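Here are the chains, one letter per residue:
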Amino acid sequence: MGSLTSIILAAGKSSRMRESKPLLNFGETNLINYQIKSFNNPFVDEIIVVTGSKSELVKESINSKNIKIIDNPDFNDGKTTSIKKGISAIEKTDNDIILIAVDQPRSKDLIEKVSKFHIEHPGQTKITFPYFEGKGGHPIIFSNNFYSSLLEISEENEGIRDIIKNNQSYISKYKTRDNTALVDLNTKEDYLNHISKFNL
């Protein structure tokens, strides 16, 4: 059975939130630690966190072991730079890649079910994501056949959206009733509106 490398993107400036998203209170911990713990499942055997803005504070707050933390000094140039830093840091290159941004918290249960669905779904080339009420959500999982494509993304070509758009035949949708699949914490209002959806 295959395995996954999780890349958690936690490098952005959080300008619309007006405070560091990774350090937001999330239950008894903060958002970055919640995200790391959410990937504790039998299908993920490598976790990479990409930091940038307030990098030292974020690193100091992380209380998990056996993860790799990569700093992205180019975070101001967009999310694609963080994705490529994370991809370049993967040691287990036979693994498929599961991507999530720190401001897209997901229940541990949802991540495990999407991971299991991806691993058990036939086909060596595939892109898997949760599908809730007609909308695609996150996390997104790419088979390792997309390594080179992921290393070539840029802000100009719409990043991973371009890969998804050009590989529609390889998309595998995991239909879920878990409404956290679409949560995106861009603003303080988003944070206050969505936090009740999680079992904290």
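Residues numbered from 1 in each chain as written. Predicted model: local features only at pLDDT ≥ 70, side-chain atom pairs only at ≥ 80, totals over all residues. Heavy atoms only, no water.

(A) Representation of the side chain of Thr51 in the model. Examined against the element boundaries, Thr51 turns out to sit in strand S4 (residues 44–51). Since its relative accessible area comes to 0%, Thr51 is described here as buried. When near neighbours in sequence (up to four residues on either side) are disregarded, Thr51 contacts Ala10, Ala11, Val58, Lys59, Ile69, Ile70, Asp71 and Asn72. (Helix = DSSP H or I, 4+ residues; strand = E, 2+ residues; numbered from the N terminus. Buried < 20%, exposed > 50% of the residue type's maximum accessible area, 1.4 Å probe, protein only. Contact = heavy atoms within 4.5 Å.)

(B) Molecular detail of the nonpolar core. Ranked by size, the top nonpolar core spans 33 residues in total, and within it Ile8, Ile32, Ile36, Phe39 and Val49 carry the most contacts. Sorting the residues of this core by element identifies strand S1 (4–10), helix H1 (31–38), S4, strand S6 (96–101) and helix H4 (108–120) as the ones contributing at least two each. When neighbours within four sequence positions are excluded, Ile32 is seen to be in contact with Ile8, Ala10, Pro22, Val49, Ser61, Ile62 and Val102. In terms of nonpolar packing, the next biggest core, distinct from the first, is built from 22 residues, Ala89, Ile97, Leu99 and Phe142 among them. (Core = buried A, V, L, I, M, F, W, Y, C linked by side-chain atoms within 4.5 Å.)

(C) Representation of the packing of aromatic side chains. For the coordinates displayed, the defined rule picks out five aromatic pairs. The interplanar angle of 55° and the centroid separation of 5.4 Å between the aromatic rings of Phe117 and Tyr174 together place this pair among those described as tilted. You can see Phe117 sitting in helix H4 and its partner Tyr174 sitting in strand S10 (residues 171–175), a full 57 residues away along the chain. Using a relative accessible area of 24% as the deciding quantity, one classes Phe117 as partly exposed. Taken together, Phe26, Tyr34 and Phe198 form an aromatic cluster joined through their ring pairs. (Phe/Tyr/Trp six-rings, centres within 6.5 Å; stacked < 30°, edge-to-face > 60°.)

(D) Looking closely at the pairing of S4. When you tally the buried positions in S4, you get seven out of eight residues, the bulk of the element. Of the strand pairs in this sheet, S1 and S4 are connected by seven bridges, and their pairing is parallel. Pairing of Ile7 across the sheet is with Ile48, part of S4. Where S4 lies against strand S5 (residues 68–71), four bridges are found, and the strand directions are parallel. Note that in S5 the partner of Ile48 across the bridge is Lys68. Taking the sense of rotation as the criterion, the β-α-β connection linking S4, helix H2 (residues 55–61) and S5 turns out right-handed. (Pairing = 2+ DSSP bridges. Right-handed = clockwise from strand over helix to strand, strands pointing away.)

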